[in-house]
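Each chain, letter by letter, is given below.
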Amino acid sequence: MKKIFWLGVGITLGVIAARKIAAAQGAIGPDGLNRAVGRVSDAVHDFADALRENMDERETDLRLALGIDQTPPAASRAPRHEKLTQ
């Protein structure tokens, strides 16, 4: 009974190790590097879009509070998904 248990444990560890090695080899090559750079680029782009959108919203709020503008522009108050479809 002990031998069957340890055989199962060995097979399980072998499968896990083989999967980890295959994943590491895929991440090391040029395709893996391209995917990583693409993910970072997308994250930076999304962050910049969110920052720009929040800056515009805050500027509009400040302009209204100071009395520079009387009515908020309709396009700046639209949610992000509506801006992208227009």
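Predicted model, so just to flag it, every value in this text is computed and none were measured.

How each quantity is defined
- Residues numbered from 1 in each chain as written.
- Predicted model: local features only at pLDDT ≥ 70, side-chain atom pairs only at ≥ 80, totals over all residues.
- Heavy atoms only, no water.
- Helix = DSSP H or I, 4+ residues; strand = E, 2+ residues; numbered from the N terminus.
- Buried < 20%, exposed > 50% of the residue type's maximum accessible area, 1.4 Å probe, protein only.
- Areas by Shrake-Rupley, 256 points an atom, 1.4 Å probe, with all protein chains shown as cover.
- Patch = residues over 30% accessible without salt bridge, like charges linked within 9 Å, V, L, I, M, F, W, Y side chains within 5 Å.
- Salt bridge = Lys/Arg side-chain N within 4 Å of Asp/Glu carboxyl O.
- Phe/Tyr/Trp six-rings, centres within 6.5 Å; stacked < 30°, edge-to-face > 60°.
- pLDDT = per-residue confidence, 0-100.

Visitor: Give a detailed account of the overall build of the protein chain, specifying residues and quantitative values.
Guide: For the protein chain, the helix and strand inventory stands at three helices and zero strands. Per-residue burial over the protein chain gives 5% buried out of 86 residues. Working note: accessible area of the protein chain is about 7500 Å², and carbon and sulfur atoms make up 65% of it.

Visitor: Can you lay out a nonpolar patch on the surface for me, pointing to particular residues and giving the numbers?
Guide: A contiguous nonpolar patch, built from Leu7, Ile11 and Val15 and spanning about 280 Å² of accessible area, is present on the exposed surface. Within the secondary structure, Val15 is located in helix α1 (residues 2-28). Val15 sits in the partly exposed class, given a relative accessible area of 41%.

Visitor: Just give me the short version of the packing of aromatic side chains, but keep the residues and values in it.
Guide: Overall, the coordinates contain one aromatic pair when judged by the stated rule. Both rings, one in Phe5 and one in Trp6, keep their centres 5.0 Å apart while their planes meet at 75°; by these two values the pair is edge-to-face.

Visitor: Describe the confidence of the model for the protein chain, with residues and values.
Guide: In low-pLDDT regions, the fine details of the predicted coordinates are not to be read closely. Per-residue confidence for the protein chain gives a mean pLDDT of 83, with 83% of residues at or over 70. When pLDDT is averaged over each helix and strand of the protein chain, the minimum, 52, is found for helix α3 (residues 80-85) and the maximum, 92, for helix α2 (residues 30-66).

Visitor: Outline the side chain of Asp49, supporting the account with residue identities and numerical values.
Guide: Relative to the elements of secondary structure, Asp49 occurs in helix α2. Residue classification places Asp49 among the buried residues on the basis of a relative accessible area of 18%.

Visitor: Break down the pattern of salt bridges for me, citing the residues and quoting the values.
Guide: Scanning the entire structure with this criterion turns up two salt bridges. Note that Arg52 and Asp49 form a salt bridge whose closest N and O atoms lie 3.0 Å from each other. Placement of the pair is Arg52 and Asp49 together in helix α2, with a separation of three residues, close to one helical turn. Judged by relative accessible area, which is 47%, Arg52 ranks as partly exposed. A salt bridge links Arg63 to Glu59, with the nearest nitrogen and oxygen atoms 3.5 Å apart. Of this pair, Arg63 and Glu59 both sit in helix α2, four residues apart, which is roughly one turn of that helix. For Arg63, a relative accessible area of 30% gives the class partly exposed.

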